[in-house]
Structures are given as structure tokens and as C-alpha cells.
Amino acid sequence: MTTLIDKTNPEPRREAAPGVMRSRAPSPTPSTPVSLYKSREQIYPKLAHGFFRNLKWIALIVLLGIYYILPWVRWDRGPGQPDQAVLVDFENARFYFFFIEIWPQEIYFITGLLILAALGLFLVTSLFGRVWCGYACPQTIWTDLFIYVERFFEGDRNARIKLDRAPWTLSKVYKKVAKHAVWLLIALFTGGAWILYFHDAPTIARDFFLGHAPMTSYVFAAILTFTTYSLAGFMREQVCTYMCPWPRIQAALIDEEALNVTYRYDRGEPRGPHKKGATWEGRGDCIDCRQCVAVCPVGIDIRDGLQLECIGCALCIDACNGIMAKVDRPPNLIAYDTDANVVRRMQGDKSRYRLIRSRTVIYAAVFAAVGFTMLYALLARTTLDLNVVRDRQPNFVRMSDGSVQNGYTIKVMNKATAERTLKLSAVGLPSPIVKVAGQTGLSLQVPADETIDFRVIVIEDDLDMLDGRAEFVFELEDADSDTTANRPTVFVAGE
Amino acid sequence: MSDENKTPSQPDAGDGAKKMVERGVDPNLEPTLPNDAHGGHDPRFDEPTGQYTTGHSWDGIEELNTPMPRWWLGIFYATIAFSAVYMLLMPSIPLIDSYFDGILDKSDREDVSVEIAELRMERALLADRLADANLEYITGDPELFRFAMAAGKSAFGDNCATCHGAGGQGFKGYPNLNDDVWIWGGSFEDIRHTLEVGIRAAHEDTRFNLMQAFGRDGLLDRDQIRDLTEYLLAFSGRGVDPDASGRGRALFADNCASCHGADAMGDRSQGAPNLTDAEWLYGGEREDIVETLYGGRQGVMPNWHERLDPETITALAVYVHALGGGEPSAPQPSGADPQKPGMQP
């Protein structure tokens, strides 16, 4: 859908409407015909007030709270086991998440989780546009936090612009140094919290300051400190516009019925300054105060329509609603709306919201399918598993008494927290003799939380029954916990 | 450009010019003719996209200018600077018969040898216990047994698989190590001893026997060899000429029984294989047996006592013994000093 926007307006005035100062935010995305490179222009987002700003503050507090506090949450798993609720233990190749413990061969749980995350993003994006970018993305959250610090020391938009243009004074030096110091401190805590997820948090925190932590901890803390400081402090919207692939993927996910932060062109145009007492007849509600541009953290004009740079943070909705209240017009000139609705209203039709569309239904269905599969896999997960690798060289061995021997390597995984004694049997062969190398008898000792290989020999002399090849099952039985595990395999008796 | 150029397309310039004013660009600077008309090196405003072109034009196909962020360019230069520093610090420039090895004097080869040495140190804890251990002691400690199996499997792949096959399945002339047929004995001690001294190898105590070339050396003539073959085939019911087999029995008693035994069951103390079973190291068909009797067999297994350290030989013996055909150890002769767990440091 193309909406051509007529930007010809009379000589700009200082006031857009009585009591509403016009923002001097520059025209966004200026393009010059000269250079092949574009320098970053500093954006000074103005503080917005309203529903969405409050929502974003809550999201910021909750998400940062989770990030910083989660590694300190304890979870009892019994003696000898880590008691950290969320722990990625690379050293022992285990991932702990509350009651879940994942082994490397169960990496498909992580794959499933990532698929769920992707499908969730697809679904939410096709419904409400870039809510991930606007409310939950770490880049947005930390940038918001950094801008909060910036505002605390340097003041709001106009004060910051003025400060940056002003010559260096003692006061300016203090403000800048204080800001960067706090930024660095936040960055350090971000990097510091990251490494807590990979080791026992209290131990690594102490070791970190005593200088005993492993080198990887210092390296990753340093990397995350650097990225937090540079990406949230300096790069900001450049990350979203140029580095992140997600905005480009959105184009395929958003359609004309997706709710997006939308300037209601049909209601706002023709725009222009409004004089006190003048009629609103024959003109749009937009008084061209440019407050939506002033609050925008990525420096675009939402009135130009949906743009690649827009992270859907909805702060322009808050800004515009404040202005609409001042000029006594109804709110939501900028609102979560769809492109299709703008067209419908311009054609004199009513707005329609179609959240249930083929793509949202499909995303939801696939999301549910993957979710239930994961849930089933998680609930059906046992603490005992075995894999069987049959010898191929030699495929079979003829013994001197005419019987035939096959060799197997059995990997037994004991995911329980105690040592187990397991009884091995081969079920489905007429008269098998089963031997385990290096021991007498068929009870296998498997220590807690370990995978052990056993070499197993099966000899069969009743070859007439087999017809060259027979399928059978290795069974493991844990009498104590009444757990069994089995794995089908074959016995080869001849070419 | 001149005003002349601009005039013809003036009507089209309307909207574009407006945008240019808005963007702070003087529309009078804009070329309004297609670029091809005057050499094609001037950027122009592209109305449908709202972007400028780079001015490049190939047969009328133009390129939009979507400017890259300047910091990206900075990072590109930074990578160039990094590579220059890296070249100075690390081994980099090949010379004629050597290379510039960098200021840091870094060598992956040395790093690896240090890592291997460290690994050896770690493994020594278990490996040292293997050197003179017997099977009972090794299987008594599951961890030590698993270590021996892993070490044995690895050493087997490096040293033994060339002749005996990756899984010890054997080939003609190279015994299958998975079955229960052993020429020189299949107990752990027997296997270990064979590994140490080899067969017809350089070791002074090497296992040695002689399967003579009865035909080539003129000890038996052609007919006698045929009769003897007939006799051997009769053990597995494959004989076709009972008369020849009868003559072969007498020949066997004279020439073969001293090693293979009167009943042809073989003798492990001499390394003489059992000739009555279905296993034939050099093949059990009539032609194979004739060939063996005519030319003799002198297979060689190297002695490993100096090439491999004792713990590796023990590990190999454990592994081969566990392949499937290993036999129980003979009772320890008195005075022997088997390693016991209690004696470990």
C-alpha cells in the first residue's frame, strides 16, 4: 500500500497550536546525493509520558530483574548436584533449568525451544508487529536504561542538545564523566551477571573478585561489558537498523492486517498548525508539532508510514496522545492500527480488525504442535537409556564349535542421581549366551549421572531358528526403581 | 550542467524538486536528463523510490545510492589494521626455506606437544597401574578396565588393524581375533606374551615353529601331497577318495603328527593349529591345503616389546582378550607375583 504524503507546509512556526511548542527534530532519514556513506546523527529522544511508556518501564524492570536475579535462585537437586536453578554447566556438559536437567544428546530440547521462540515471534509479529523489538529486546531495554541515565545527568532532549553544543565547562565535564561512569558500571554488571549462568553463582562471584575465576569468565565479562557500553551507549538505533537481521525478516511476517504503530493518515491529513479558536473542519487533526519525531528513539517520522527503522516502541502514541489532549481532540491519532484500516476509512468503510487470519492460525497451530511435542518429550523422558552399536567388522564370528558370535557395544546412560545396578538380558533369541567383557554375570554397575560403555558378546548355537538374521531386544532392568529400558538390534548368523 | 539541459524535462521535475527542497538539497543541482545523455556520472533523484542514484549507469541500468553507515567503513579499516598487527605478531610470511615466525614466537606444534604431555600426565595415573597388572586385577576396577579397553582399542587401530583388520576380523594369513581359535593360546597371559615377543620375529624368545615346504623341498611328492590333502579334507566330510585318504593317514603319522598331534588336534605349545575344525588360517579349500603343503607357511607377527610401552601392551591384551574369544587364565604358578590392589602406591 502506498500513501503519498504531502509534506508541503507553510513557513514553520514555533507553535503548532496554542500551548504546543513545535519540536525542531530534524527531518528523518535525510539522504544526500553526494556520499556513499552516512555518518550517524545523534538522536536525542524526548521523554514520553503515558500508557506505553509505563508499560515499557514495567517490562524493563521485570526483564532486567530476571536477568540479574535468576542466577542467584537456588534449587535443591540432592547431594553432590549443583543447587543453582538455572545453570549452563559446560565443564560437565549439563544444562539445568529448575526441575529439568538436559544432557548433550538431548540438545533437541534446545532446538525445540529455539523453534518455539521463532514461531512465537512470527505469531506475535503477524498479530501486533514488532512488539519484541519495542518492549523485550535486550538492545531496547539496555538502551532505554542508558537513556534514563543520560537524562538523569544531562536533562531531557533540549537540554542534551544544548549541552552537546555548549563549550566544555566544569559542569559539562562532570555531567559527561558521571554519565559514562554509571554506564560503565551498568555494563560491568551486565557482563558480570552473564558469567553467573555458567558457574555456581556465589562461588564464581567471589572468585571473580579474588582473581581465581577461569580466564573465560573474565573474557566474557569483558566482552559483554564492552558490547553493553558501546551498543547501548553509542550505537543504539544503528544496531536495529544496520546490524540486526530481524527487521528485514519482519517484512515477510507483517501484512496489511497486522496491528502496527500507525499514523492514522485518514484522520491526520491535511496536517498543519492550528490557531486558537480556528475550526477543525476541512483539515486533519495533525498539528505538525513533530512531538512524535522528538520522542522517537530511532529518529524517524511515523507519519511517513511503516518503516524499516521503526522498532514499534509506541512512544509516539504516548507523545501524540498528550498533544491531542492539549488541543482537545480525541486520542489515538497514532495508534496500533492496520494499513488496511487506513485505506478502508479513506474509502468511507468501517475499521475491521482481523486477528484471526490464515497466517496467524498456521503460526499458532505449529506453535502448539511443537509445544505439545516438546512437553510430551519432556514428560516421557526417562532417567535410564541405552544405545546399542553392533560390530560390523567382523559382522559375525563363527566359533570352533559351530556356534555364531556377535559383538555389541552398549552405552548405558544413568541420568539418576544415584548409582544403579542394572540387569541385562537379550530377549527374542532362541538360546543366547550373553557375556559382558571384563566381568562375570550380567549386572551392570553404572555410577550416578554417567554414561558407561560395555562390550557385550552374544553367542547363539541354535542357528536353524535364525535363518541367517534375527531381530532381538536388549533389555535393562533396574529392580530398585522398577525402571526398564530397551533397544532393538539384530543378530547376524551368516552371509 | 547548464540550464539548457534542464528545460526539456522541466514538467517531470515538480514533485522531486519539492522533496529535494525539503531535504535541504538545491533542485537546480539535479541533472534532469537520463544519465546516459551526458556520460552518466551524476547522481540524480529517483522519484519512485525517493532515493538518489549513485550516478553509475550500465546501458541505462542505474544504481540506487543506499548509503552505508560510516562506522561500518571504520570497522573495515580496523580489520585491515588488525591484520597488519597480526602479521607482525604471528607466524605469517613464507620465505624461501623458512618463514617469518612472528614477534610472539607462537607455535601451534609446541602448544600441541605441551598439551599431549599434559594429557599423558593425567593418563599416567591409570596407565601406570596397567604395566605389570594381571587381568583379575584390571577387571577388579571397572574404571581401570574401561581405561584399558579404550587405550587398547586406540592402540589396536594404530598398530594392529593394518593386518588384523579394524575390528580384528582377520584376513587370509592373519588370524581372526574375535573367535575362540588360538594358535598360541587365548588366555590374557598368552596374548600378552605373543604381543611382547611376536611370532618368528626379532625377539630372542620369539614364538617360533616351522611349517615346512614339503613339496618344494622334495620331502613329499605330488601324489603324496594329494593323498595327505584328501586325508585332511576327510575330517570335515569333504573327502572323495577313501583309498587316498587311507594312504594319507600313514603319511600324516610320519610327517605331521609330531607337531599337529596324532589326532591332528594341534598343539598350542608348538603353535601347531588344529586341523580338524572349520577354521583355516590360510584357507580350507583343496587348493589352499595343497598350496600350504607344497610351499609351507611362515607368517610373521612383529614383537612389540620395544616399540610399545608395557602399559600399552597390557591394554592391547585386555582389548583383544575382550573381543570375544578370550580364554580364562591358567592358575598362577607358585612364586609368581601378581600385582594386587593392596600393592599399588
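Residues numbered from 1 in each chain as written. Chains lettered and ligands numbered in written order. Predicted model: local features only at pLDDT ≥ 70, side-chain atom pairs only at ≥ 80, totals over all residues. Heavy atoms only, no water.

K.L.:
Please clarify how the sheet that holds strand β5 (residues 94-97) of chain A should be interpreted in this entry.
P.N.:
Two strands in a sheet stick together by hydrogen bonds in their backbones, pointing the same way (parallel) or opposite ways (antiparallel). All names here are of chain A. With antiparallel pairing, 3 strands are arranged side by side in an open sheet as β4-β5-β6. Every interior strand has two partners, whereas the edge strands, β4 (86-89) and β6 (100-102), have only one. The mean angle between the axes of side-by-side strands here comes to 10 degrees, regardless of whether they run parallel or antiparallel. Of the strand pairs in this sheet, β5 and β6 are connected by 3 bridges, and their pairing is antiparallel. (Pairing = 2+ DSSP bridges. Helix = DSSP H or I, 4+ residues; strand = E, 2+ residues; numbered from the N terminus. Axes fitted to C-alpha atoms, helices over the stretch in contact; angles between N-to-C directions.)

K.L.:
Sorry if this is basic, but what is going on with the nonpolar core here?
P.N.:
Grouped together as the largest cluster of nonpolar side chains are 43 residues, with contacts concentrated most on V20(A), I287(A), I302(A) and I334(A). Secondary structure elements with two or more residues in this core: β1 (15-17), α2 (108-128), α3 (131-136), α10 (246-253), β7 (260-263), α12 (291-295) and α13 (315-326) of chain A. For this core, the leading source of residues is α13(A), giving 7 residues. Counting 35 residues, the second-largest nonpolar core is a separate cluster that includes F145(B), L177(B), I191(B) and V320(B). (Core = buried A, V, L, I, M, F, W, Y, C linked by side-chain atoms within 4.5 Å. Buried < 20%, exposed > 50% of the residue type's maximum accessible area, 1.4 Å probe, protein only.)

K.L.:
Got a minute to help me understand the domain arrangement of chain A in this structure?
P.N.:
Reports of interface size often rely on the accessible area that becomes lost once the parts have come together. Domain annotation for chain A reports domain 1 (15-40 + 250-350) and domain 2 (384-492). Centre-to-centre, using C-alpha coordinates, domain 1 of chain A lies 71 Å away from domain 2 of chain A. (Domains from an automatic or database assignment.)

K.L.:
How should the sheet that holds strand β17 (residues 483-492) of chain A be read in this particular structure?
P.N.:
Residues and elements named next belong to chain A. The 4 strands are arranged β14-β12-β16-β17 in an open sheet whose pairing can be described as antiparallel. Across the chains shown, the open sheet's two edge strands, defined by having one partner strand only, are β14 (443-446) and β17. Strand-to-strand twist in this sheet, taken as the mean axis angle between neighbours without regard to direction, amounts to 30 degrees. For strand β12 (residues 420-427) and strand β16 (residues 469-478), the ladder comprises 5 bridges, and the chain directions are antiparallel. For A426, the partnering residue across the bridge sits in β16 and is F474.

K.L.:
Help me understand empty space enclosed by the protein, please; the structure alone is not making it clear to me.
P.N.:
One way to see where empty space is left: roll a probe the size of a water molecule over the atoms. Residue and element names in this part refer to chain A. Per the counting criterion, the structure on display carries 4 cavities of 30 Å³ or more. Computed from the structure, the largest cavity encloses a volume of approximately 170 Å³. Along its surface, the largest cavity is lined by 17 residues, and T143, R236, E237, P297 and I311 are the ones closest to its centre. Counting residues per element, the ones that place at least two in the lining of the largest cavity are α4 (138-154) and α9 (237-243). In terms of residues, the lining of the largest cavity owes the most to one element, α4, which gives 5 residues. The class makeup of the residues in the lining of the largest cavity is 9 nonpolar, 3 polar and 5 charged. (1 Å grid on protein atoms, 1.4 Å probe; cavity = no way out; pocket = protein on both sides within 12 Å on 5 of 7 lines; lining within 4 Å. Points joined across faces, edges and corners; volume = space filled by probe spheres on them. Nonpolar A, V, L, I, M, F, W, Y, C, P; charged D, E, K, R; others polar.)

K.L.:
Is there a simple way to think about helix α4 (residues 108-130) of chain B in this case?
P.N.:
Note that an α-helix has 3.6 residues per turn; residues three or four places apart therefore point the same way. Residues and elements named next belong to chain B. Counted at 1.5 Å a residue, the expected span for α4 with its 23 residues is 33 Å, and the 32 Å between its end C-alpha atoms agrees. Maximal helix bending in α4 amounts to about 55 degrees, located at A124. Of all the residues in α4, the buried ones are L126, A127 and L130. Each element contacted by the buried residues of α4 is listed here: α5 (135-139), α6 (142-159) and α13 (310-322). (Expected span 1.5 Å × (residues − 1). Bend = angle between axes of the 7 residues up to and from the residue. Contact = heavy atoms within 4.5 Å.)

K.L.:
I tried to follow the interface of chain A and chain B on my own but got confused; where do I start?
P.N.:
Residue-level contacts link 30 residues of chain A with 33 residues of chain B. Contact between chain A and chain B buries roughly 3000 Å² in total, counting both sides, with carbon and sulfur atoms accounting for 57%. On the surface where chain A and chain B come into contact, there are 0 salt bridges. Taken together, the connections running from chain A to chain B amount to 9 residue pairs in polar contact (both at pLDDT 80 or more). If one sorts the elements of the side of chain A that touches chain B by residue count, strand β15 (residues 450-460) of chain A sits on top with 4 residues. (Buried area = accessible area lost by both parts, 1.4 Å probe. Salt bridge = Lys/Arg side-chain N within 4 Å of Asp/Glu carboxyl O. Polar contact = N/O pair within 3.5 Å; in protein donor to acceptor, adjacent residues only side chain to side chain.)

K.L.:
When you look at the packing of aromatic side chains in this model, what are you seeing that I'm missing?
P.N.:
The geometry of an aromatic ring pair is captured by two quantities: the separation of the ring centres and the angle between the planes. Residue and element names in this part refer to chain A. Applying the stated criterion across every chain yields a total of 32 aromatic pairs over all chains. An angle of 55 degrees between the planes, with centres 5.6 Å apart, marks the rings of F52 and Y336 as tilted. With F52 in helix α1 (residues 51-69) and Y336 in strand β8 (residues 334-337), the pair connects residues that are 284 residues apart, well separated along the chain. According to the relative accessible area criterion, F52 is buried, its value standing at 15%. (Phe/Tyr/Trp six-rings, centres within 6.5 Å; stacked < 30°, edge-to-face > 60°.)

K.L.:
Can you help me understand the state of the cysteines in this one?
P.N.:
Covalent bonding between the sulfur atoms of two cysteines is what defines a disulfide. Residue and element names in this part refer to chain A. For the structure shown, the criterion picks out 0 disulfides over all chains. For C244, which is in no disulfide, the shortest distance to another cysteine sulfur is to C133 and amounts to 6.4 Å. Residue class for C244 comes out partly exposed when judged on its relative accessible area of 28%. Here C313 is not cross-linked by a disulfide; its sulfur's nearest cysteine counterpart is in C296, at 6.1 Å. (Disulfide = S-S within 2.5 Å.)

K.L.:
Please explain the pattern of salt bridges as it appears in this structure.
P.N.:
Pairing between side chains of opposite charge can happen when their charged atoms approach one another. Residues and elements named next belong to chain A. A full pass over the atoms with the stated rule returns 46 salt bridges over all chains. A salt bridge links E257 to R344, with the nearest nitrogen and oxygen atoms 2.6 Å apart. Separated by 87 residues along the polypeptide, E257 in the loop between α10 and β7 and R344 in helix α14 (residues 339-346) bring together distant segments of the chain. Between E257 and R354 there is a salt bridge; the shortest N-O distance is 3.3 Å. Of this pair, E257 sits in the loop between α10 and β7 while R354 sits in the loop between α14 and α15 (358-379); the two residues are 97 residues apart in sequence, bridging distant segments of the chain. Judged by its relative accessible area of 6%, E257 is buried. Salt bridges sharing common partners tie together E150, R151, E154, D156, R160, D164, K176, K179 and R236.

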